[in-house]
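# Commentary on secondary and tertiary structure
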Amino acid sequence: MEMMIEVHDLSKYYGQNLAVSRLNFAVSPGEIVGFLGPNGAGKTTTLKILAGFLAPSSGGARINGFDCVTQSLQARQSLGYLPEHVSLYPDLTVTQFLQFAARVKGVAGKDEKAELERVMAACGLEEVRRKLIATLSKGFRQRLGLAQALLKMPPLLILDEPTIGLDPSQIVEIRTLIQELAGDHTVILSTHILPEVSQLCQRVIIINRGQIVASDTVENLSRQMGQGARTLLSVKGPEGEVAAALQGLPGVAQVTAKGEGAFLVESGNGHELRPLIARLVVDKGWDLLELRAQEFTLEEVFLNLVTEEES
Amino acid sequence: MKSVTSGCLALIRKELTVYFTTPIFYITGFCFLVLAGYFFYTNVLYYSIISLQAAQQAAMNPQVAGQLNPQYMVFRPLFGVVAVVLLFLVPLLTMRLLAEEKRSGTAELLFTYPLTDWGVILGKFLAALLIYLILLAFTVSFALAFAAVGRLDWGAVGTGYLGLTLLGGAALSLGMFASSLTENQIVAGAVAFGLLLFFWVMGWVQEVGSGLGGLFQALSIMEHYDGFVRGVIDTRDLIFYLSFIYFFLFLTKRQLESRRWRA
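Residues numbered from 1 in each chain as written. Chains lettered and ligands numbered in written order. Predicted model: local features only at pLDDT ≥ 70, side-chain atom pairs only at ≥ 80, totals over all residues.

## Quick notes on the sheet that holds strand 3 (residues 32-36) of chain A
Residue and element names in this part refer to chain A. Taking strand neighbours across the sheet as the criterion, the six strands line up as 6-7-8-3-9-10 in an open arrangement whose pairing is mixed. The sheet is open, and its two borders are formed by strand 6 (79-82) and strand 10 (211-216), each paired with just one other strand. Neighbour-to-neighbour, the strand axes of the sheet open up by a mean angle of 15°, direction not taken into account. Taken together, the five bridges between strand 7 (residues 156-160) and strand 8 (residues 186-190) define a ladder with parallel strand orientation. The residue of strand 8 that forms the bridge with Ile158 is Ile188. Those strands touched by helix 1 (residues 43-51) are strand 3, strand 6, strand 7, strand 8 and strand 9 (203-208), and its axis lies near 150° from that of strand 7. Along the sheet, helix 5 (residues 138-150) contacts strand 6 and strand 7; its crossing angle with strand 6, the most-contacted strand, is approximately 170°. (Pairing = 2+ DSSP bridges. Helix = DSSP H or I, 4+ residues; strand = E, 2+ residues; numbered from the N terminus. Axes fitted to C-alpha atoms, helices over the stretch in contact; angles between N-to-C directions. Contact = placed C-beta atoms within 7 Å.)

Structure follows, in structure tokens:
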């Protein structure tokens, strides 16, 4: 199966500064991929290269089988791009701008009106269609940015922080819209909002200082970070005695009492502690109310990977 | 190819919409028409005074009346002065073209749309040229008004307009190149004005007797304009203007390409 995005050894220098260093990744058709990283990690630079706005210093990328540099026009015909800072022509109305974008993308004749109606309905722009872009609120501009990216149903959508600057209800709307796009479109989106990634993306690529530090599903990443490393249990028994007994188990690094008989047990070496804990509670004759491994949140995975990298 | 052409047409349409919704076109047009109208009026006034005097002398010297020609006395000087006025106004029409796209960030969308660099450049250039031709078209009313009351050599007026179109095209291509160099419209306008002035006064070097005078004169944009005003279409002049336009559009293209690598 041909990949929608193939990035190989991609590097980009700004003068002497290395912004992106030998990136390699691929995205298959229909996938929704989250692109994560702290500020200045190289996310936006990578997306700008994929969108054909910048040329890489070395290495390359292919979009829908077309090289981003040598077949730039065909590559750009396959994508819709929402830049990080959406700038639109303030002197045009919403309809005039979408008409321009549609014609430039090759939507012609009688298809044009239907296509404009489709994207305006999808992004909730009907009520502002005659307004000048200069008078639109930030939320509407963001939606208009997304609407122009959706024109002509491009197989790939590159969205750089699609929900930034939107109010909570708009964020939910845009997320729902992106979820609806899955399957028909391949989506690569960069964001700072980690729950958004957990909610929307089948896979995350975490990038730091221009390099990929992780690329997997959210579940796999949190599992890899230490399956069974953290166990949450709830016991009916004398709290002090329970804590001391747990602390005495082999491999336990730390026990934190959470109150009302709940404890968080962390192993020092990532070993699975649940069988040991279960046996201990039964041996002592206490009542075991709950015992489960606690997965790491994406925030924790992210911070762990990024700080690990920095140290 | 078809989609590229339609993209270019869409860009021309968008640029025209922006020209007509922002004050720059109206201010430029107002200044241009007031100045051109003023010069036409003074030329006609001068011509009528001279004609009157000539008519009085004609009884004594019949040859004088034959030398009075509206082409020489009204339209040639008018084309000369209109060209100078346009050199001042063209930077106002071109300074926004690419500088504003870069400053406001709309370049990021424009250059990720499926348009070639030539598509973008030609779209913007042709839109500016159309605006320029609309301004020129208003001045045709002067010739029509004159033709209503006197004899007019339409052929010479036509070549004058052809000359103005080519001169304007050359100035617009240079202005667009200046606009591709910077994000600041004022800087783009100033650079365009400086370069235009340079290409205008270049021809004067020969008059002070420099060895390179011939070359400078050949490169001067005003030098090639005189023929058209006199009613002569010389292929050398045509080729000069077309090459000049292509050269600056080409430089603009290179400038856009380098942004992709440098940015």
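## With respect to the confidence of the model for chain B
All names here are of chain B. Mean pLDDT for chain B: 88, with 92% of residues reaching 70 or above. Mean pLDDT in chain B bottoms out at helix 3 (residues 63-67), which sits at 64, and peaks at helix 8 (residues 154-180), which reaches 95. For this predicted complex, the interface confidence score (ipTM) comes to 0.87, while the overall pTM stands at 0.86. (pLDDT = per-residue confidence, 0-100.)

## So, the domain arrangement of chain A
What the domain assignment lists for chain A is domain 1 (1-78 + 154-225), domain 2 (88-152) and domain 3 (226-295). Each of domain 1 of chain A and domain 3 of chain A has a C-alpha centre, and the two are 40 Å apart. (Domains from an automatic or database assignment.)

## Points about the confidence of the model for chain A
Predicted coordinates in regions of low pLDDT should not be interpreted in detail. Mean pLDDT over chain A stands at 88; residues scoring 70 or higher make up 97%. Within chain A, no element has a lower average pLDDT than helix 11 (residues 298-310) of chain A, which sits at 71, and none a higher one than helix 3 (residues 94-104) of chain A, at 96.

## Considering the packing of helix 4 (residues 70-94) of chain B against helix 7 (residues 117-149) of chain B
Residue and element names in this part refer to chain B. Here helix 4 crosses helix 7 at 155°, and the two axes come no closer than 12 Å. Between helix 4 and helix 7, the interaxial angle falls into the category roughly antiparallel. Considering how the two elements wind past one another, helix 4 and helix 7 form a crossing that is right-handed. Between helix 4 and helix 7, the residues in contact are Pro70, Val74, Val82, Leu93 and Thr94 and Ala128, Ile131, Tyr132, Thr139 and Phe146, respectively. A class-by-class count of the residues in the contact of helix 4 with helix 7 yields eight nonpolar, two polar and no charged. (Parallel < 35°, antiparallel > 145°, perpendicular 65-115°, else oblique. Left-handed = near helix turned anticlockwise from the far one by under 90°. Nonpolar A, V, L, I, M, F, W, Y, C, P; charged D, E, K, R; others polar.)

## Side note on the interface of chain A and chain B
Listed per partner, the contact involves 23 residues of chain A and 24 residues of chain B. Among the elements that line the side of chain A that touches chain B, the one with the most residues is helix 3 of chain A, at four residues. Looking at the side of chain A that touches chain B, its residues break down into 13 nonpolar, six polar and four charged.

## Some words on unusual backbone geometry
All names here are of chain A. For Asp9, which is not a glycine, the phi torsion comes out positive at approximately 50°. Relative to the assigned elements, Asp9 resides in strand 1 (residues 5-14). Its identity as a non-glycine residue notwithstanding, Arg209 has a phi of 50°, on the positive side. With respect to the element layout, Arg209 can be found in the loop between strand 9 and strand 10. Classification of Arg209 as partly exposed rests on a count of 17 C-beta atoms within 10 Å. (Buried ≥ 20, exposed ≤ 12 C-beta atoms within 10 Å, placed from the backbone.)

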